[in-house]
Amino acid sequence: MLPSTFLKTSIALLAAGTLALAQDEIPVGEFASLTGGSASFGQSSHKGTALAIDEINAGGGVLGKKLKLIFEDDQSLAGQPATIVRKLISQDKVVAVLGEVASSKSLEAAPICQQNKVPMISPASTNPKVTEVGDYIFRVCFIDPFQGTVMSKFALSKGWKKVAILTDVKQDYSVGLAEFFVKHFNANGGQVVKEQKYSTGDKDFKAQLTSIKVTKPDAIFIPGYYAEVSLIARQAKLLGIKVPLLGGDGWVGDSLLKVAGTALDGSFFSCHFSADDKSPSTQGFVDKYKAKYGAVPDDMAALGYDSAMILAAAIKTAGTTEGDKLRVAIGATKAHKGITGTITLDEKRNAQKPAVILGIGNGAFQFVETVAP
Ligand code: PHE
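The notes below deal with the structure included here. Since the model is a prediction, treat every value here as computed from it, not as a measurement. (Residues numbered from 1 in each chain as written. Predicted model: local features only at pLDDT ≥ 70, side-chain atom pairs only at ≥ 80, totals over all residues. Heavy atoms only, no water.)

## Concerning the pattern of salt bridges
Under the counting rule described, the total for this entry stands at 8 salt bridges. Here Asp 92 and Lys 87 are joined by a salt bridge, their closest N and O atoms 2.7 Å apart. With a relative accessible area of 18%, Asp 92 lands in the buried category. Lys 87 sits in the partly exposed class, given a relative accessible area of 25%. When salt bridges with common partners are traced through the structure, they connect Glu 72, Lys 87 and Asp 92 into a single cluster. (Salt bridge = Lys/Arg side-chain N within 4 Å of Asp/Glu carboxyl O. Buried < 20%, exposed > 50% of the residue type's maximum accessible area, 1.4 Å probe, protein only.)

## Digging into unusual backbone geometry
Cis geometry is found at the peptide bond from Gly 99 to Glu 100, where omega equals -15 degrees. If you check the backbone angles, Gln 75 has positive phi at about 55 degrees while not being a glycine. Unlike most non-glycine residues, Lys 93 shows phi in positive territory, near 55 degrees. Along the chain, Lys 93 turns up in the loop between helix H3 (80-90) and strand E3 (97-98). (Helix = DSSP H or I, 4+ residues; strand = E, 2+ residues; numbered from the N terminus.)

## Here's the deal with the nonpolar core
Membership of the largest hydrophobic core comes to 96 residues, with the highest contact counts inside it found for Leu 67, Met 151, Leu 264, Leu 311 and Ile 330. Among the elements that make up this core, the one with the highest residue count is helix H12 (residues 299-318) (12 residues). Shared between two domains, this core holds at least three residues of each, these being domain 1 (6-141 + 279-353) and domain 2 (144-271). (Core = buried A, V, L, I, M, F, W, Y, C linked by side-chain atoms within 4.5 Å. Domains from an automatic or database assignment.)

## Re the sheet that holds strand E1 (residues 25-32)
The 5 strands are arranged E2-E1-E3-E4-E5 in an open sheet whose pairing can be described as parallel. Either end of the sheet is taken by a strand with one partner, and the two such strands are strand E2 (66-73) and strand E5 (137-139). Pairing of E1 with E3 involves 2 bridges; the strand directions are parallel. Counterpart to Glu 30 in the pairing with E3 is Leu 98. Across the face of the sheet, helix H2 (residues 39-58) comes into contact with E1, E2 and E3 while running at roughly 165 degrees to E2. (Pairing = 2+ DSSP bridges. Contact = heavy atoms within 4.5 Å. Axes fitted to C-alpha atoms, helices over the stretch in contact; angles between N-to-C directions.)

Set out below in C-alpha cells:
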C-alpha cells in the first residue's frame, strides 16, 4: 500500500469510527450544583434526571439511539454555569441542556444556549426572566408570580395581614419571589411592615431579625434557600420570635429540618411535589427512586425526572436532534403526564401547574393543600 493510500484509508476508518460512536448515542448535557452551598438541589435534580435517562435507554432509547447524559458540577458557584455550558456545547456537542435548579444559575447559562441554538430545559428555576432569555429556553415548573400569589393568598386566608420580609439579595429567585408576594399582598389588604436583606452564605441574621421583631408582624416571609432559612429559623427562635415563617420552593433541601430541628414548627411553604401524594404515578416514582437511591425523592428529583422525560419525548416527536426542530417539539409539549403534574408548555415556554403547600409540625412536613393556577 502506498503511504498516501494508507493515510487515506486510516483517515476514513478513523472518521467511520467517530461516526459510529456518534450515531448510536445522543449526547445530552446537564449542569447541576452537586457540591457547595446548594448541593441538595443538584444532588436531587441529577438523581431524578439520571433515573429518567436510564429508563428511556432501558426502553430502547430514542430514534434508535441511547441518550448519553454528560453532566458537570457547577459547585453552587456563580460563574461556573457559563463555563460549563460552553464546554458542553462546544466540546461534547450536546443536543440539549438540562439545568439548573437555582434561577441565577439558569440565567447565566441560558444566553449561551440561546446563542448556540441549543435548547435548554430548566427543571426547577421559577424566576420569570429565565425563559424570557429566548425561544430556546424552557422550564417544566411553575413561575414565581404564581408562587408568590399562592403564598400571599395563604397568609391572608390565615388572617396574617402584617408581614415582614427577609430577602436573599444574591439570588434572582429570592428578589423576584419577594416582589411578586408583596405585589399581591399589598393589593389585597396586606401590609408589609418591614423589609430586610441578607446574602447567600451569611450565617448571622440576628440584626435583621431583631429589627423585624420590633414591628410585631403576624408572619415573616422568607423567600430564600434551605441552607440560610434553617439558620434563620433557629436564630428567630432564640430571639423569641414565635410567629410563623413563610417561604417558597427554595426551602426544599435535605438539611432544612436537620438544621432547624423544631424551629420551623408552625411554618408553611409552597413547593412542587409531595412524596405523600397517594396517586399511583407518584407512588410508582417514589418506589423506583427508593430502589435506586435508597431515599425518598424530593421536588428537584421529580422535576429533574420530568425535564428529561419531556426532552426525550420531544426528540421522538421531532424525529431529529437538530436544534430548531427540537425547540419546536419541546415547545409543543401538551398534557405530558409528569410526576409533578400534567405539563403543557405555554407560548412563553413556561408550565402552568398547581403548587403544593406544606406545613411543618414536630420537625416534619405535613401536606396542607394543592393550589391550582
Ligand atoms: N425555584 C427555585 C429557583 O428558581 C429553585 C428550587 C426549585 C429550589 C425547587 C427547590 C425546589 O431558584
